[in-house]
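# Summary of structural features
Below, each chain spelled out in residue letters.
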Amino acid sequence: MKIFMMWVFSFLFWFPGFEDWGFYAHSLINQQAVYSLPPEMIGYYKPHIQFITEKAVNPDRRRYVVKGEAEKHYIDLDHYGDSALFILPKYWHEALKKFPEDSLRANGIGPWSAYLTLISLTKAFEQKNSQAILRLSADLGHYIGDLNVPLHTTKNYNGQLTGQEGIHGFWESRVPELMAKNYSLWVGKAEYVEKPQLALWNAVENAHSQVDSVLRIERELTKNFPEDQKYSYEERNGLTVRVYSRDFTEAYAQALDHQIERQMKRSIKMIADFWYTAWVNAGQPDLKTLDEAVVEEEKLTPDPKLKVREHL
């Protein structure tokens, strides 16, 4: 764990804009999901646990490189009004019949895209493609983690509509970085998901129901914290940066009553369940027969022309 934490924090600030659960939280979530897998799978996943954890952040890196990646991380339910969960079809082909694809993408395609990643992972298991299994497992963990974040379900994703800019990274990154060492993240054994598409939408619905408390509690706490107590400064990667103070962070976490811990655990359980479901749907191939995977490093050169939501 000490080595794991060292490379987490040494890697954390090399690429701008990592705010979806933060590199540390995404990595920790994927790592913990491995331990919920059955013996037939953990014997394969555990030797590759560093890849699964380290590459948990690749979809965020890809947002700045690949057109069409950014919209896979969220869905703005409030764009569709109060009845969004009843209006929106749960299946992608049905959604395309009801809404123009460019409109759907403009407002996020998170749950539909996560399901397609599950299908791709299932095919990778069927083909016993070790490189694809590892890459898609890491990706699927990231996307499922994002869908369990309340601020990934609203167009007010960074509090920019309510004068609370910065709350996205605060909730996803700052709080876990300071508090996760006290979380109990064991979620039990992975279970088969009968209806994965509906499970993804249930996760989105649960996350969206918490948007109000995420914003309201921060707003109420701010009234009791002068700015010089709400924020502090820390040295990171040779730079002095402004961060939410430890006192404000701890007060926020306490007022949320373990909300972030619960959502991390939901993510962990769901990721393990989906990895397991993909393996079962592929016919439970013997993973001991897979060749040793040497996954090529993705070439990710940022494209300055891409417009990407920033959550700083």
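All of these numbers come straight from a predicted model, not from anything done at the bench. (Residues numbered from 1 in each chain as written. Predicted model: local features only at pLDDT ≥ 70, side-chain atom pairs only at ≥ 80, totals over all residues. Heavy atoms only, no water.)

### Some remarks on the packing of aromatic side chains
The tally for this structure, following the rule as stated, stands at 12 aromatic pairs. Taken together, a centroid distance of 5.2 Å and an interplanar angle of 70° make the contact between Trp 112 and Trp 201 edge-to-face. Linking Trp 112 in helix H9 (residues 110–127) with Trp 201 in helix H12 (residues 196–208), this pair joins segments that are 89 residues apart in sequence. Of the two residues examined, Trp 112 and Trp 201, each falls in the buried class. If you follow Lys 90 out to its NZ or CZ, it ends over the ring of Trp 201, 5.4 Å from the centre. Looking at Arg 242, its charged tip hangs above the ring of Tyr 231, at a distance of 3.7 Å from the centre. (Phe/Tyr/Trp six-rings, centres within 6.5 Å; stacked < 30°, edge-to-face > 60°. Helix = DSSP H or I, 4+ residues; strand = E, 2+ residues; numbered from the N terminus. Buried < 20%, exposed > 50% of the residue type's maximum accessible area, 1.4 Å probe, protein only. Lys NZ or Arg CZ within 6 Å of the ring centre and 35° of its normal.)

### Here's the deal with the pairing of strand E2 (residues 239–244)
Bridge count for strand E1 (residues 231–236) against E2 is 6 bridges, and the pairing is antiparallel. By the bridge assignment for E2, Arg 236 is matched with Leu 239. Between the antiparallel neighbours E1 and E2 lie 2 residues, among them Asn 237 with a positive phi of about 55°. (Pairing = 2+ DSSP bridges.)

### Points about the nonpolar core
In this structure, Met 41, Tyr 45, Leu 88, Trp 112, Phe 125, Tyr 252 and Trp 275 are the most contacted members of the largest nonpolar core, which totals 81 residues. Among the elements that take part in this core, helix H16 (residues 259–281) stands out by supplying 11 residues, more than any other. In contact with Tyr 45, other than residues within four places in its own chain, are Val 34, Leu 37, Ile 52, Phe 125, Ile 133, Ser 137 and Trp 275. (Core = buried A, V, L, I, M, F, W, Y, C linked by side-chain atoms within 4.5 Å. Contact = heavy atoms within 4.5 Å.)

### Quick look at unusual backbone geometry
A positive phi angle is found at His 258, which is not glycine, with a value near 70°. For His 258, the location among the structural elements is in the loop between helix H15 (246–255) and H16.

### Looking at the confidence of the model for the protein
Detailed reading of the predicted model is not advised wherever pLDDT is low. Averaged over all residues, the pLDDT of the protein is 91; the fraction at 70 or higher stands at 91%. Segment residues 1–20 is flagged for pLDDT under 50; beyond a separation of four residues in sequence, or across chains, it makes 50 contacts in the model. (pLDDT = per-residue confidence, 0-100.)

### What to know about the packing of helix H11 (residues 167–179) against H15
The geometry of a pair of packed helices is captured by two quantities: the angle between their axes and the separation between those axes. Following both chains from N to C, one finds H11 and H15 inclined at 95°, their axes separated by 10 Å at the closest point. As far as their axial angle goes, H15 and H11 are roughly perpendicular. For the pair formed by H11 and H15, the contact residues are Ile 167, Phe 170, Trp 171, Arg 174, Val 175, Leu 178 and Met 179 on the first element and Arg 246, Phe 248, Thr 249, Glu 250, Tyr 252 and Ala 253 on the second. Each residue belonging to the contact of H11 with H15 can be placed in one class, and the counts come to 9 nonpolar, 1 polar and 3 charged. (Axes fitted to C-alpha atoms, helices over the stretch in contact; angles between N-to-C directions. Parallel < 35°, antiparallel > 145°, perpendicular 65-115°, else oblique. Nonpolar A, V, L, I, M, F, W, Y, C, P; charged D, E, K, R; others polar.)

### Quick word on the pattern of salt bridges
Considering all chains together, one arrives at 18 salt bridges under this definition. We note a salt bridge from Glu 250 to Arg 246, for which the minimum N-O separation is 3.9 Å. Here Arg 246 and Glu 250 lie together in helix H15, a separation of 4 residues that amounts to about one turn. The network of salt bridges with common partners includes Arg 62, Glu 69, Lys 72 and Asp 139. (Salt bridge = Lys/Arg side-chain N within 4 Å of Asp/Glu carboxyl O.)

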